[in-house]
Amino acid sequence: KPPFYYFSRTTVILYRFFTSLNKDNYDLQGQSLSEKFQVMVNVLNDYAFNGNGGVTTLDKRSFNLYQEGQNQIINFLYSTGHLNITWKYKYFQKEFIHERQFTDVRNLSIFEQQRLSEILIKEMDTKIQNHKRLVLKHAPQPQIPIHQLRIVAVRQDMESKLRDLLMKTLKDAQQLPELMHGVVVMQAAGNFSKNLKDNYPEVRQEMEELNEEFLDETEFNEMVDEVTTSVLGEFIEFPLK
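About the cut-offs
- Residues numbered from 1 in each chain as written.
- Predicted model: local features only at pLDDT ≥ 70, side-chain atom pairs only at ≥ 80, totals over all residues.
- Heavy atoms only, no water.
- Phe/Tyr/Trp six-rings, centres within 6.5 Å; stacked < 30°, edge-to-face > 60°.
- Helix = DSSP H or I, 4+ residues; strand = E, 2+ residues; numbered from the N terminus.
- Buried < 20%, exposed > 50% of the residue type's maximum accessible area, 1.4 Å probe, protein only.
- Pairing = 2+ DSSP bridges.
- Axes fitted to C-alpha atoms, helices over the stretch in contact; angles between N-to-C directions.
- Contact = heavy atoms within 4.5 Å.

Looking at the packing of aromatic side chains
Summed over the entire model, instances satisfying the criterion amount to 6 aromatic pairs. Seen in terms of ring centroids, F37 and Y78 are 5.6 Å apart; in terms of plane orientation they differ by 65°. Their pairing is edge-to-face. Taken together, the positions of F37 in the loop between α2 (33-36) and α3 (38-49) and Y78 in strand β3 (residues 72-79) put the pair 41 residues apart, joining distant regions of the chain. Judged by its relative accessible area of 0%, Y78 falls in the buried class. Here the aromatic rings of Y89 and F96 are separated by 6.0 Å at their centres, their planes lie at 50°, and the arrangement is tilted. Both residues of the pair, Y89 and F96, count as buried.

Looking at the sheet that holds strand β5 (residues 94-102)
Read from one edge to the other, the open sheet built from 5 strands follows the order β1-β2-β3-β4-β5, with strand pairing classed as antiparallel. Of all strands in the sheet, those with a lone pairing partner are β1 (54-59) and β5, marking the two edges. Between one strand axis and the next, the sheet turns through 20° on average, direction left out of account. Strand direction decides the pairing type here: strand β4 (residues 82-91) and β5, joined by 9 bridges, are antiparallel. When the sheet's bridge partners are listed, K90 is paired in β5 with E95. Packing against the sheet, α3 makes contact with β1, β2 (62-66), β3, β4 and β5, and its axis sits at approximately 165° to β3. Running over the sheet, helix α4 (residues 110-137) touches β4 and β5 and is turned about 160° from β5.

So far we have only geometry, and geometry alone does not tell us how the molecule works.
Here it is, written out as structure tokens:
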């Protein structure tokens, strides 16, 4: 084919590319990228960080959703009308990356953003569980049995979630009189503890599906009480006996 053919084809491709970029700029006039996809940001933030994550803008077309001290980070990249999400997750210092592209997302409704978020979360939830199994399967022989390692991981997860909950509760309670702060925090911790104990059958079933030994209900409840007291002590100074 003559050189002119290739030149013309390249010109058309470049024209379409830069036209799409200009449309991106138009999309983002008067709003940031995180504002354009606010519903998705909120849904993923609630799932990954219990609503405590924050947006860090990298440039006009990209930002990270992240919470300091957590084991995952979500990157949003918008280009030529497509949204690319890169989700990095660590478990016992072993990281995996899930990438997903959603095409033609210039004019998503609230419900469409909600639906795409749910698709992504469903995919990620499956991949997280598979990743955990793989990491534990190939972990070097620990000095403690593998089922005890799992118990340690469950306890750490409890502590992290309760700590995040109490921080958010305390932040939301700032408009209340200071004397009420401790009451509100203790109530939130109590509800958290009760919900965990009520969910013991589901936790036990998950362990059985992994063919792992686990605590009986009494031992589990004792661990919940220990975690609740320990984390609550970071927020409330208990009187000495």
